[in-house]
Amino acid sequence: MIRSLLCSSTLLMATSLLNPLMAEDTLYERLGGAEGIAVVVDHFIEEISFDRRIYPFFKDSDIERFRNKFSEQLCVVSDGPCRYSGDDMSSVHTGMNIGEADFNRVVELLQKALTDSGIPYTDQNRLLKKLAPLRNDMLHR
Ligand code: HEM
């Protein structure tokens, strides 16, 4: 009896020690799930609306649609339980003639939004790494 109790408590200790290593959070969880992403997107839209370089691109856009689709996209790329229902990146951004400096500025604004939302740098970098490949679908179109 004592032996089996000892065995199970040793097992419990071992699992609780191992757990933080085994159960690595998804990026979606690290961003704070749907609520956390909503905060990031709020900050991002605020940054865009005050930015002299980027705001003109959005001046005639439906910002509520952008809020929804961009949030879905952040959820999907961070492995959250969502489906992206917006248009593909190339057709959305075609006709805007987005240059390198515009793209870099948008990345800066997103970084600022992430920082203001309390997201640690390592998680910011994980997210930006996932978005970076989309760059070629947007530039000079
Ligand atoms: C990694 C970078 C970017 C991502 C992930 C991204 C993502 C998106 C998404 C998901 C939408 C909504 C699509 C839809 O309505 O179906 C959107 C719309 C839009 N994006 Fe981007 N975008 C990026 C970079 C940029 C840049 C660099 C610009 C301009 C400088 C830009 C300007 C716009 C504008 C103006 C809209 C609204 C289009 C409309 O009103 O129909 N985006 N973007």
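Reading the values: rules and limits
- Residues numbered from 1 in each chain as written.
- Predicted model: local features only at pLDDT ≥ 70, side-chain atom pairs only at ≥ 80, totals over all residues.
- Heavy atoms only, no water.
- Phe/Tyr/Trp six-rings, centres within 6.5 Å; stacked < 30°, edge-to-face > 60°.
- Buried < 20%, exposed > 50% of the residue type's maximum accessible area, 1.4 Å probe, protein only.
- Lys NZ or Arg CZ within 6 Å of the ring centre and 35° of its normal.
- Near = heavy atom within 4 Å.
- Polar contact = N/O pair within 3.5 Å; in protein donor to acceptor, adjacent residues only side chain to side chain.
- Helix = DSSP H or I, 4+ residues; strand = E, 2+ residues; numbered from the N terminus.
- Nonpolar A, V, L, I, M, F, W, Y, C, P; charged D, E, K, R; others polar.

Undergrad: I keep staring at the packing of aromatic side chains and nothing clicks. Help me out?
TA: In this description, an aromatic ring pair is defined by two values, namely the gap between the centres and the angle between the planes. This model, assessed by the stated rule, comprises 4 aromatic pairs. A centroid spacing of 5.0 Å and a plane angle of 70 degrees characterise the contact between Phe 58 and Phe 66, whose relative ring orientation is edge-to-face. For the pair Phe 58 and Phe 66, one class covers both residues: buried. Among the aromatic residues, those joined into a cluster by ring pairs are Phe 44, Phe 58, Phe 66 and Phe 70. Across the ring face of Phe 103, the terminal group of Arg 135 is positioned such that the distance to the ring centre comes to 5.8 Å.

Undergrad: Please explain the site of the ligand as it appears in this structure.
TA: Taken together, 22 residues are adjacent to the ligand, and Ser 61, Arg 65, Gln 73, Asp 87 and His 93 come closest. One of the side-chain nitrogen or oxygen atoms of Ser 61 is found 2.7 Å away from an oxygen atom of the ligand. Contact distances for the ligand include 2.7 Å between an oxygen atom and a side-chain N or O atom of Arg 65. At the level of elements, α4 (55-58), α5 (63-77), α6 (89-93) and α7 (100-116) are the ones that each hand at least two residues to the shell around the ligand. Residue composition of the shell around the ligand, grouped by class: 14 nonpolar, 4 polar and 4 charged.

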